[in-house]
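So the chains spell out like this:
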Amino acid sequence: MRILIWHVHGSWTTAFVQGPHTYVVPVTPDRGPDGLGRARTWDWPESVIEVPPEKLRDEEIDLVVLQRPHELDLVDRWLGRRPPLVYLEHNAPHGSPGVPDTRHPAADLPGVTLVHVTHFNRLMWDAGRTETTVIEHGIVDPGPRWTGELDRAAVVVNEPVRRGRTTGTDLLPAFARAAPLDVFGMGTDGLAAHLGVDPAGCRTQDVPQSDLHTELARRRVYVHPVRWTSLGLSLLEAMHLGMPVVALATTEVTEAVPPGAGVVSNRLDVLTDAVRDFLADPAHARAVGEKARAAALARYGLSRFLDDWERLLKEVTR
């Protein structure tokens, strides 16, 4: 099967393209948002091929995976036809007048199957009469790398200053009082000054993707302070690494982190106490991290993810 998909979400796409198909990604000279081409910081197989938009009409495309509302217009213009369509929704709704009333762009769209990455997201979006399903995340296993040699806490978030309360940026000073933080991600420059905390207690790093897992695993504990988003892949990756995790009990986190695999709560005092406990007791951190890895492999393993997608793709194209 030849599948047209845009390079939108690097982590998710890295798992998806491990399947048995040919994956056609548009590429433009400027490598802009609609023509990013193959990933440069992720390891993608040779079955992912770049095709310029003007040549897509010559391609035998069996299915299109949409991820953004305007991509359907691109399909019409670039392909001149509509193959079977799947709309993959990565995010929880973030709109007005109220989140539960937010209509999905694919709501009542004929001929489209809407796929959510969490059951929480499916519950919160209004999809109208569009056929809807859930295929939970899958992770390319980075291996059990946790050493916890640095008595610091790791956080992964992109653009924490701009995104603010959504990603729990305002909670970071409280966590920084419990443990020195290393915040990884794009757009993190100036974070300590923005929060009014000592830069030594809130360091920021934008490391290459190839180095991120190794760097995370050197920290004693992973902190996930996000209030409102889909289920963060960085949380699942940290669990795969064998890291103990401390996270807000929001969106799908309570499903992803079972008892014993970390500390999940909406009480900030419980969370910060947990961070202190993990820093003070490396053996405890290791034991909890091992349970986190086992839980992540069982629920978010790559083979289950690819099997789920294979079943759906066959149903949509039959």
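Residues numbered from 1 in each chain as written. Predicted model: local features only at pLDDT ≥ 70, side-chain atom pairs only at ≥ 80, totals over all residues. Heavy atoms only, no water.

### Side note on the overall build of the chain
What counts is decided by this rule: Secondary structure elements follow DSSP: runs of H or I no shorter than four residues count as helices, runs of E no shorter than two count as strands, and numbering proceeds from the N terminus. Computation of the radius of gyration draws on C-alpha atoms alone. For the globule rule, the value is 2.2 Å times the number of residues to the power 0.38. Summary of the burial criterion: residues with accessible area below 20% of their type's maximum are buried, those above 50% are exposed, and those between are partly exposed, where the area comes from a 1.4 Å probe applied to protein chains only. In this analysis, two residues are considered to be in contact whenever any of their non-hydrogen atoms come within 4.5 Å of each other. Charge assignment: positive for Lys and Arg, negative for Asp and Glu; neither His nor the chain ends contribute. To locate a charge, the coordinates of NZ of Lys, CZ of Arg, CG of Asp or CD of Glu are taken.
A tally of regular secondary structure across the chain gives 12 helices and 13 strands. In terms of C-alpha radius of gyration, the chain reaches 20 Å, essentially the compact-globule figure of 20 Å for 318 residues. Oriented by its inertia axes, the alpha-carbon framework of the chain measures out at about 60 × 40 × 35 Å. Burial analysis of the chain (318 residues in total) assigns 55% to the buried set. Taking all contacts inside the chain whose residues are at least 6 apart in sequence as the whole, residues at least 24 apart take part in 63%. Averaging the positions of the 34 positive and the 42 negative side-chain charges in the chain gives two centres separated by 1 Å.

### Digging into the sheet that holds strand β11 (residues 219-224)
Heads up, the condition is: Any two strands with at least two DSSP bridges between them are considered paired. Here an axis means a line fitted to C-alpha atoms, over the contact stretch when the element is a helix, while the angle between two N-to-C directions is reported on a 0 to 180 degree scale.
Reading across from one edge, β10-β9-β8-β11-β12-β13 is the order of the 6 strands in this open sheet, with parallel pairing throughout. Strand pairing shows two members of the sheet lacking a second neighbour, β10 (202-205) and β13 (262-265), which therefore form its edges. Ignoring strand direction, the axes of neighbouring strands in this sheet form an average angle of 20°. Pairing geometry for β11 and strand β12 (residues 245-248), over 3 bridges, is parallel. Across the sheet, residue His224 finds its bridge partner in β12, namely Ala247. Strands in contact with helix α7 (residues 209-217) are β8 (150-156), β9 (181-184) and β11; relative to β11, the strand with the most contacts, it is inclined by about 110°.

### A word on the side chain of Glu71
Structurally, Glu71 can be placed in helix α2 (residues 71-79). Given a relative accessible area of 0%, Glu71 falls into the buried group.

### Remarks on unusual backbone geometry
The backbone of Asp108 sits at a positive phi, close to 60°, despite the residue not being glycine. In this structure, Glu159 is a non-glycine residue whose phi angle is positive, near 50°.

### Here's the deal with the nonpolar core
For soluble globular proteins, nonpolar side chains are generally found buried alongside one another. Cut-off, in case you're wondering: In plain words, nonpolar cores are sets of buried Ala, Val, Leu, Ile, Met, Phe, Trp, Tyr and Cys residues tied together by side-chain atoms within 4.5 Å.
If you look at the biggest cluster of nonpolar residues, it comprises 76 residues, and the most contacted ones within it are Trp12, Phe16, Leu216, Tyr222, Met239, Val275 and Trp309. Setting aside residues up to four positions removed in sequence, Tyr222 forms contacts with Ala154, Val155, Val156, Leu216, Ser234, Leu235, Ala238, Met243, Pro244, Val245 and Val246. Judged by nonpolar contacts, the second largest core, of 19 residues, contains Leu85, Ala106, Val112 and Leu114.

### A look at the sheet that holds strand β1 (residues 2-5)
Whenever strands of a sheet pair, they do so through backbone hydrogen bonds, lying parallel or antiparallel. Sheet architecture is open: 7 strands sit in the order β3-β2-β1-β4-β5-β6-β7, paired in parallel fashion. Of all strands in the sheet, those with a lone pairing partner are β3 (48-51) and β7 (131-134), marking the two edges. Within the sheet, the average angular offset between the axes of one strand and its neighbour, ignoring direction, is 25°. Here 4 bridges tie strand β6 (residues 112-116) to β7, and the two strands are oriented parallel to one another. Within β7, the position partnered with Leu114 by the bridge is Thr132. Contacting β1, β2 (22-26), β4 (63-66) and β5 (85-89), α2 runs over the sheet at an angle of about 145° to β4.

### Side note on the packing of aromatic side chains
Our working definition: Stacked, tilted and edge-to-face are the three classes applied to pairs of Phe, Tyr and Trp rings, where Trp contributes its six-membered ring and a pair requires centres within 6.5 Å; stacked means planes under 30 degrees apart, edge-to-face means over 60, and tilted covers the rest.
Taken as a whole, this structure holds 7 aromatic pairs when the rule is applied. When the centroid spacing of 5.8 Å and the interplanar angle of 75° are considered together, the rings of Trp12 and Trp309 count as edge-to-face. Note that Trp12 is positioned in helix α1 (residues 10-16) and Trp309 in helix α12 (residues 302-317), a separation of 297 residues in sequence. The class for Trp12 is buried, based on a relative accessible area of 1%. Considering the side-chain rings of Phe16 and Trp309, the 5.1 Å spacing of their centres and the 75° angle between planes classify their relative orientation as edge-to-face. Highlighted residues: Phe16 in helix α1 and Trp309 in helix α12, separated in sequence by 293 residues. Accessibility classification places Phe16 together with Trp309 in one group, the buried group. Three or more aromatic residues link up through ring pairs in this structure, and these residues are Trp12, Phe16, Tyr23, Phe305 and Trp309.

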